[in-house]
Amino acid sequence: MERTTVNETNSPALLEVRDIRKSFGSTQVLKGISFDLHKGEVLSIIGPSGGGKSTLLRCLNFLETPKNGTISVNGETLFDASVRMSKKESDLRTKRLHFGLVFQSFNLFPHYNALENVALAPRLLYGEQNKDRLREVKKAGRRAVAEKRRLLFKEWNARLGKENVFGLWHRLSEDMTSFKRRRQLDESSEAASLLARVGLADKMYNYPCELSGGQQQRVAIARALALHPDILCFDEPTSALDPELTGEVLRVIRDLKNEGTTMIIVTHEMEFARNVSDKVIFVSGGVIEEEGGPEDVFGSPQSEKTRSFLSRMEEKI
């Protein structure tokens, strides 16, 4: 059956990457990477180690700053090297919310169970986004204390009546406490749902040390999904796993593909990339040597470097 890709509908690209260049000292790692990705597509990035694949992914997630180029999501320019961009940490966090990143190593918090690991990210995000509201509560509290010191309780009550500053502070505090509790319940409920989605409903109260490598990586996937990113990125998601555990992680990624999740996957799993991808990019020496549909890149590669790489990968199987 012929594969149908999203960009055949002529819809605008979800992600536009133009001329991304990155150097470390005198070493130029990325030498001008450009590509588009449409909503619901899966892009696999393949190539030899040291070719720039992981650096490209880190640039997209703003863990590295490109020397040149632009990155746009949904028509919004998130990065433009020719324009002075904000380097405030809060602005960087906002940009990173467009992307979810699953690392090679799982990077779970060892002192939190699976449910807490997944729920933590949105909880921290909520605190960041509601700083102004929290600041309002604190200011009201300080005003109430100052007034109470200046006035005797009866005089204060008589002068300000029922709508006094202390009452405002108290109501705001109660409102925030109630809102936080409801929010935490919602976060835990969503975290439980995400863990069930990756097949770990029975492991949500287990700590990382009680989980296999494949299970830990699935928790990491659920954690990345908890922030509802536009694009989910994987950096060699199975490289730290034993061969028998690789399959369970790849099954989760395949399920996400079937659900219409937009993904970028850096991988050495060639057969998996061929089966799950809508588009494949072969990166070597910091440039895109070849790109196209999986049947084109894997079935009839045009670049000699691509043919040589795929031949070496087949020999390892």
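Model, not experiment: these values are computed from the prediction.

**Remarks on the overall build of the protein**
The helix and strand inventory of the protein stands at 11 helices and 10 strands. Going through the 317 residues of the protein one by one, you find that 45% of them count as buried. Put simply, 68% of the contacts in the protein that link residues at least 6 apart link residues at least 24 apart.

**Some points on the sheet that holds strand 10 (residues 287-292)**
Strands sit in the order 6-7-8-3-9-10 across an open sheet of six strands; the sheet is mixed. With one partner strand each, in any of the chains shown, strand 6 (99-102) and strand 10 form the two edges of the open sheet. The mean inter-strand angle of the sheet, taken between neighbouring strand axes irrespective of direction, is 20 degrees. Pairing analysis gives five bridges linking strand 9 (residues 279-284) to strand 10, with the strands arranged antiparallel. By the bridge assignment for strand 10, V283 is matched with I288. Running at roughly 170 degrees to strand 6, helix 7 (residues 213-225) makes contact with strand 6 and strand 7 (231-235) of the sheet.

**Topic: the confidence of the model for the protein**
Of the residues in the protein, 74% have a pLDDT of 70 or more, and the chain-wide mean is 83. The low-confidence segment residues 1-6 (pLDDT under 50) makes 15 contacts with residues lying over four places distant or belonging to another chain.

**Quick notes on the pairing of strand 8 (residues 263-266)**
Taking every second residue as pointing to the same face, both faces of strand 8 are buried, with M263 and I265 on one and I264 and V266 on the other. Bridge analysis of strand 7 against strand 8 gives four bridges, and the strand direction is parallel. Residue pairing in the sheet places F234 in a bridge with I265 of strand 8. Between the parallel elements strand 7 and strand 8, the chain passes through helix 8 (residues 243-258) in a crossover that is right-handed.

**Let's talk about the side chain of Q215**
For Q215, the position within the fold is in helix 7. Every residue in contact with Q215, bar those within four places of it in the chain, is listed here: L200, K203, E210 and E248.

**Considerations on unusual backbone geometry**
One non-glycine residue with positive phi stands out, namely N74, at about 55 degrees. One can find N74 in the loop between strand 4 (68-73) and strand 5 (76-80). Residue N74 is classed as exposed on the basis of its relative accessible area of 53%. In this model, N107 sits at a positive phi of 55 degrees, which is unusual for a non-glycine residue. For N107, the location among the structural elements is in the loop between strand 6 and helix 3 (114-129).

**A look at the environment of V198**
Along the polypeptide, V198 turns up in the loop between helix 6 (165-197) and helix 7. The spatial distance from the C-alpha of V198 to the C-alpha of I253 is 9.1 Å, given a sequence separation of 55 residues.

**Brief notes about the pattern of salt bridges**
Following the criterion strictly, the structure yields 11 salt bridges and no others. Two residues, R197 and E259, come together in a salt bridge whose shortest N-O distance is 2.5 Å. Note that R197 is positioned in helix 6 and E259 in the loop between helix 8 and strand 8, a separation of 62 residues in sequence. On the basis of relative accessible area, R197 is assigned to the partly exposed category, the value being 39%. Since its relative accessible area comes to 45%, E259 is described here as partly exposed. Put simply, E16, R18 and D36 are held in one network by salt bridges that share partners.

**Observations concerning the packing of helix 7 against helix 8**
The geometry of helix 7 relative to helix 8 is characterised by a closest axis approach of 8 Å and an angle of 25 degrees between their N-to-C directions. Taken together, the axes of helix 7 and helix 8 lie roughly parallel to each other. Here helix 7 and helix 8 pass one another in a crossing that is right-handed. Contacts between helix 7 and helix 8 involve G213, G214, Q215, Q217, R218, I221 and L225 from the first element and L245, E248, V249, V252 and L256 from the second. In the contact of helix 7 with helix 8, the residues fall into six nonpolar, four polar and two charged.

How each quantity is defined
Residues numbered from 1 in each chain as written. Predicted model: local features only at pLDDT ≥ 70, side-chain atom pairs only at ≥ 80, totals over all residues. Heavy atoms only, no water. Helix = DSSP H or I, 4+ residues; strand = E, 2+ residues; numbered from the N terminus. Buried < 20%, exposed > 50% of the residue type's maximum accessible area, 1.4 Å probe, protein only. Contact = heavy atoms within 4.5 Å. Pairing = 2+ DSSP bridges. Axes fitted to C-alpha atoms, helices over the stretch in contact; angles between N-to-C directions. pLDDT = per-residue confidence, 0-100. Right-handed = clockwise from strand over helix to strand, strands pointing away. Salt bridge = Lys/Arg side-chain N within 4 Å of Asp/Glu carboxyl O. Parallel < 35°, antiparallel > 145°, perpendicular 65-115°, else oblique. Left-handed = near helix turned anticlockwise from the far one by under 90°. Nonpolar A, V, L, I, M, F, W, Y, C, P; charged D, E, K, R; others polar.

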